[in-house]
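Observations on the three-dimensional arrangement
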Amino acid sequence: QVQLVESGGGLVRPGGSLRLSCAASGTAFRLNTMGWYRQAPGKERELVAAITSGGNTNYVDSVKGRFTISRNNAANTVYLQMNSLKPEDTAVYYCNGVRLGIEYWGQGTQVTVSS
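All of the points below concern the structure found in this document. Keep in mind that what you see is a predicted model, and the values were worked out from it rather than measured. (Residues numbered from 1 in each chain as written. Predicted model: local features only at pLDDT ≥ 70, side-chain atom pairs only at ≥ 80, totals over all residues. Heavy atoms only, no water.)

Points about the sheet that holds strand E1 (residues 3-7)
- Reading across from one edge, E1-E3-E8-E7 is the order of the four strands in this open sheet, with antiparallel pairing throughout. Looking at which strands have only one partner, the edges of the open sheet turn out to be E1 and strand E7 (67-72). Sheet twist, expressed as the average angle between the axes of neighbouring strands with direction ignored, equals 15°.
- Note: E7 against strand E8 (residues 77-82), six bridges, orientation antiparallel. Bridging across to E8, Thr68 finds its partner in Gln81. (Pairing = 2+ DSSP bridges. Helix = DSSP H or I, 4+ residues; strand = E, 2+ residues; numbered from the N terminus. Axes fitted to C-alpha atoms, helices over the stretch in contact; angles between N-to-C directions.)

Printed below as a string of structure tokens:
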């Protein structure tokens, strides 16, 4: 059973930075695409950033230039470096991984941007 475990959320002031990590366990195989979604109260879950096993990335427009996604294929781990955080980045962030058409989700980590 594949499990995704996130870490790194918390409370940060506007303009600050956080780094989220997500490690996949329970599989010896590399997840194809890994990414981060977020869901703010009263809003739908949205894709924030994704990265393929080959390193191709895509970002939602609102985070371009501020967030960077990266991964360590050997460790089946994905990271999200978040800089210049804004209050509107406040949400629960979920790690996502896909392999052979099956999606896996982490439990979510809260990110709160507030002064």
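So, the packing of aromatic side chains
- Scanning all chains against the criterion turns up one aromatic pair.
- An angle of 65° between the planes, with centres 4.9 Å apart, marks the rings of Tyr37 and Trp105 as edge-to-face. Of the two residues, Tyr37 sits in strand E4 (residues 33-39) while Trp105 sits in strand E10 (residues 102-105), which places them 68 residues apart along the sequence.
- Trp105 sits in the partly exposed class, given a relative accessible area of 34%. (Phe/Tyr/Trp six-rings, centres within 6.5 Å; stacked < 30°, edge-to-face > 60°. Buried < 20%, exposed > 50% of the residue type's maximum accessible area, 1.4 Å probe, protein only.)

Some remarks on the nonpolar core
- Formed by 27 residues in total, the largest nonpolar core has its most connected members in Trp36, Leu80, Met82 and Tyr93.
- Counting residues per element, the ones that place at least two in this core are strand E3 (18-25), E4, strand E5 (46-52), E7, E8, strand E9 (91-99) and strand E11 (109-113).
- Take this core: its biggest share by element is four residues, from E3.
- Ignoring any residue separated from it by four or fewer positions in sequence, one finds Tyr93 in contact with Glu6, Leu20, Trp36, Tyr37, Arg38, Val48, Phe67, Leu80, Met82, Gly108, Thr109 and Val111. (Core = buried A, V, L, I, M, F, W, Y, C linked by side-chain atoms within 4.5 Å. Contact = heavy atoms within 4.5 Å.)

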